[in-house]
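Residue-level structural notes
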Amino acid sequence: MAKPTSSCRGSNWLNSKPWLWFALTILSFKAITVVGNPVHMDSASLGELGVDTLAKAKRGVMHFSLEARGENKDGSVPVYKNPSASIDARVQDLLPRMTVEEKVAQIIQGDMNGWMNLNDPLDDIKVFNQTGLEEMMRLKGGSIWAGYSVPWDKFVFGVTVGQKYLMENTTLGIPALIQSEGLHGFTNNGTIFPSPIGLAASFDTELVSRVADVIANEAEGLGITHIFAPVLDMSRELRWGRVEENFGEDPFLTGEMGHAYVSALQAGRRRNATQKSIARMAATCKHFAAFGSPQGGLNLAQVSGGERELQTVYLKPFNRACRESLSIMTAYSSYDGIPAIANKHLLRDILRDQWGYKYWVTTDAGSVDLLINLHGTCDSRECAAKTTLENGWSGEMGGGTYTYLTLPDQIKAGKVDVKALDETVKAMLRTKFSLGLFENPYPYEDFQSTLRTPQSQDVLHAAETESIVLLENRANTLPLNKNIGSVALIGPQVDRISFGDYVFFNATLNGVSPLDGFRQHLGSTSVKINYAEGCKLWSNDQSGFSEAVNAAKASDVAIVMVGTWSLDQTLLWTPGTNATTGEHVDLSDLGLVGAQLPLVQAIKATGKPTIVVLVSGKPVAEPWIQAHADAVLQQFYPGELGGIALAEVIFGDVNPSGRLPVSFPRDVGTTPVFYNYLKGSRPIDAGNVMDDGRLAFGHAYVLNSPVPLWSFGHGLSYTQFNYTDLKLSSSRIGRKDNVDVTVTVHNTGSRPGKEVVQVYITDLVSSVVTPNQELVGFKKVDIPAGSSTTVTIPIQSSQLAVWMLGGSWVVEPGQFTIKVGTSDQAFAQTTLTVT
């Protein structure tokens, strides 16, 4: 097809006349073959529909015509096409109309690149390959990967072509889920927010809800209906490369952040969807389960643990956030020797039976093949497909050899239980009906109105500022005064945009680096900026130190920006590129790479006040910085306005309010360092290597300490807070009773500020070993200078329960310490008695 003229291009044309675009493109190829043309079906063909359907057909009770399965014999509208029917009724009506091949195609992920050329992010030619379209939808038409950064009007064209083919040129007219990423922003050139670990540092569920709302708004208009987020893995193994994708080390915080994300992403319904639909977008909770603590920190490696750890740590966030999510993604790893994708206990006994989960479950990319080439529990594609389907009732994502294509033959041969296929397809159909896709699976005509709006920028700015954590502030070094004469910006993170992983190629073009952020923020002042890179992130070369030292000496204060780095999803997987965080990028050392620490030390040696900014996707283990820097800020990988937000915090236009969602170890050898360790698991008789080289020997790590540099929940402010009047709604409760914790928080400083009120419990005596403390509630409050506010945080009785040897949750009578503070500090505490 010839490239259309400018008068026939663009979003207005495409959206106002989609039928014409569809027709014009078709004319450039052969005519579309209608898959469901009436044909004679013999007994063998009938068998393809399934045993139950065949039996009904022989009894003459089939209410639809086998020759035209999308119609009813009496001319009435099929239940599955009736928007007023219940979702379950529609699922039950549609399933028996499907052939085995159609069912299998529903549970294999296809790819939009199969009928569109989406490899060039600048190419806006709107043509498609009809043969590729038909073949894709025939074999893998249930869900379509569409995470491509191409012009939006071309993307909308491609989605419209695909959905129209499915709706109008197939027998049953089943639309597809259109899928993309939304871990910390809609990746198809939408707004990029701070990484999830940064969002968690806000300790603000309302803010996370606003972020998810923006992601859904931007994706929805383009026809995206399925987002692969949030990640609910635990950041307990810090060597693992994907720490940045998580909400931290704590199950409760992770569950609350995940619940806020899922609820907001799915809230509402698509335009013109039936009133029976319950969501506008399908969130995907991942990775189910226990994926984030691999042995050695190595991606895909085994996770060791038992049922109690599974229940009390890894499953809690999923239980809180995902029981109403429309999708769940399984983990690559094995747990206690069982691959997650083939773990019947995890995926059926717990998820389906105990939790009653009824929506779509999919494997991660290529993970079915791992049963053969990694886990070694299968020796053939047939075995991998059978094992995954029957044990997991889950679909197959792309990235592998598409083992599920073996299912039709296996089912016909009686080697695979057709019930497993039916249950998996039901879950997919239920998700689609819940989204209202059978009424409107198409992009919106005004899709541009919801992309990168001023409102999304407001949410972005709030997320950037609230995710920055002030770790140290000796002698009130910060905030800086704008009357200062000059400031040195030094380090490899100054003139760099570090988004973290799960952004697409060239996403950084929308970002503001710290150097540009400071220039913008200080543009109307007389403050002089002296910039020097000093060294590269990935090099031991110190040849740039002299320039950096001179910049510091010529300035009133030095700000040194160092840390880790990741790459976009193209470069991260490109051979020859380097990174220190991200998927498949694992570390054996949590210290700064290359010449970064010597650079900080050289700048501190100038005698100038030295502020260190750690820009990273995970904790950085550098005790020297904690002990010697005048101030330390943590900026987990930011979003597009990260550079501006950093300048605003450093110069006091914004009072920092972030808190650590993950603890910082002193050394990789002192990990794991999560705060909620089991009682007795952290003996302290610390040793130390002093600055002058002297050795102080202890008996816990001998020359080091298991105590973190900064613990979970830690974060400073430019103002001061005080706590009074801690009380419980009742100091004695029954085992089924809830209790409220109330405390008054005072801002005793001279600046307004946001405080994160954190409530922890300790079960003093229990029948099994319980954590030394657990977060059970938090609330972020904004308090004017000199004012106070009273905060009430509820604790559910279920939060007091322990997982018993018999395999159940039980609230045991006894005493619990209730503490308000951070994980390593108590500002006030009291005792709760359970009778």
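Here's a quick rundown of the structure. Just so it is clear, the model here is predicted, and its values are computed rather than measured.

Leu94, Met112, Trp115, Ile224, Ile227, Leu265 and Phe288 are the most contacted members of the largest nonpolar core, which totals 136 residues. If sequence neighbours within four positions are ignored, Ile224 has contacts with Ala146, Phe155, Ile178, Gln179, Ser180, Phe186, Ala219, Arg270 and Met281. Counting 41 residues, the second-largest nonpolar core is a separate cluster that includes Ile490, Phe545, Ala551 and Ala558.

With seven of seven residues buried, strand S7 (residues 282-288) is to be regarded as a mostly interior element. Across two bridges, strand S6 (residues 226-228) lies against S7 in parallel orientation. When the sheet's bridge partners are listed, His226 is paired in S7 with Ala282. As a crossover connection, the stretch from S6 through helix H11 (residues 251-266) into S7 is right-handed. Looking at chain direction, S7 and strand S8 (residues 327-330) are connected through four bridges and run parallel. Along S8, the bridge assignment pairs Phe288 with Thr330.

This part takes up the packing of helix H10 (residues 205-221) against H11. At a minimum axis separation of 8 Å, H10 and H11 run at an interaxial angle of 35°. In this structure, H10 meets H11 at a crossing whose hand is right-handed. Seen from H10, the contacting residues are Thr205, Val208, Ser209, Ala212, Asp213, Ile215 and Ala216; seen from H11, they are Glu256, Met257, Ala260, Tyr261, Ala264 and Leu265. Taken together, the residues of the contact of H10 with H11 break down into nine nonpolar, two polar and two charged.

Attention now moves to the state of the cysteines. Linking two cysteines covalently via their sulfur atoms produces the bond known as a disulfide. Going through the model one piece at a time under the given rule, you end up with two disulfides. The disulfide partner of Cys285 is Cys322, and the gap between their sulfur atoms is 2.1 Å. Measuring the twist about the S-S bond at about -100°, one finds the Cys285-Cys322 disulfide to be left-handed. Remark: Cys322 occurs in the loop between helix H13 (316-321) and S8 and Cys285 occurs in strand S7; sequence separation between them is 37 residues. Assessed through its relative accessible area of 1%, Cys322 is described here as buried. The residue that forms a disulfide with Cys378 is Cys383, at a sulfur-sulfur distance of 2.1 Å. Taking the torsion about the S-S bond as the criterion, the Cys378 to Cys383 disulfide, at about -65°, is left-handed. Overall, the relative accessible area of 8% leaves Cys378 in the buried class.

For the rest of this paragraph, the subject is unusual backbone geometry. With an omega dihedral of 5°, the bond running from Lys286 to His287 counts as a cis peptide bond. With respect to the helices, strands and loops of the structure, His287 is situated in strand S7. The omega torsion of the bond from Thr671 to Pro672 falls at 0°, within 30 degrees of zero and hence cis. Along the polypeptide, Pro672 turns up in the loop between helix H24 (642-650) and strand S18 (688-689). For His584, which is not glycine, the phi torsion reads 70° and is therefore positive.

Strand order in the open sheet made by the seven strands is S3-S4-S5-S6-S7-S8-S11, with parallel pairing throughout. The sheet is open, and its two borders are formed by strand S3 (109-111) and strand S11 (360-362), each paired with just one other strand. Put simply, the sheet's adjacent strands are angled 30° from each other on average, direction ignored. Summarising the sheet, strand S4 (residues 143-145) and strand S5 (residues 177-181) pair through three bridges and their orientation is parallel. Its bridge partner lying in S5, Ser143 is registered against Leu177. Across the sheet, helix H18 (residues 418-434) lies against S4, S5, S7 and S11, angled at about 120° from S11, the strand it touches most.

Calculation rules
- Residues numbered from 1 in each chain as written.
- Predicted model: local features only at pLDDT ≥ 70, side-chain atom pairs only at ≥ 80, totals over all residues.
- Heavy atoms only, no water.
- Core = buried A, V, L, I, M, F, W, Y, C linked by side-chain atoms within 4.5 Å.
- Buried < 20%, exposed > 50% of the residue type's maximum accessible area, 1.4 Å probe, protein only.
- Contact = heavy atoms within 4.5 Å.
- Helix = DSSP H or I, 4+ residues; strand = E, 2+ residues; numbered from the N terminus.
- Pairing = 2+ DSSP bridges.
- Right-handed = clockwise from strand over helix to strand, strands pointing away.
- Axes fitted to C-alpha atoms, helices over the stretch in contact; angles between N-to-C directions.
- Left-handed = near helix turned anticlockwise from the far one by under 90°.
- Nonpolar A, V, L, I, M, F, W, Y, C, P; charged D, E, K, R; others polar.
- Disulfide = S-S within 2.5 Å.

All we've got here are geometric facts, nothing functional implied.
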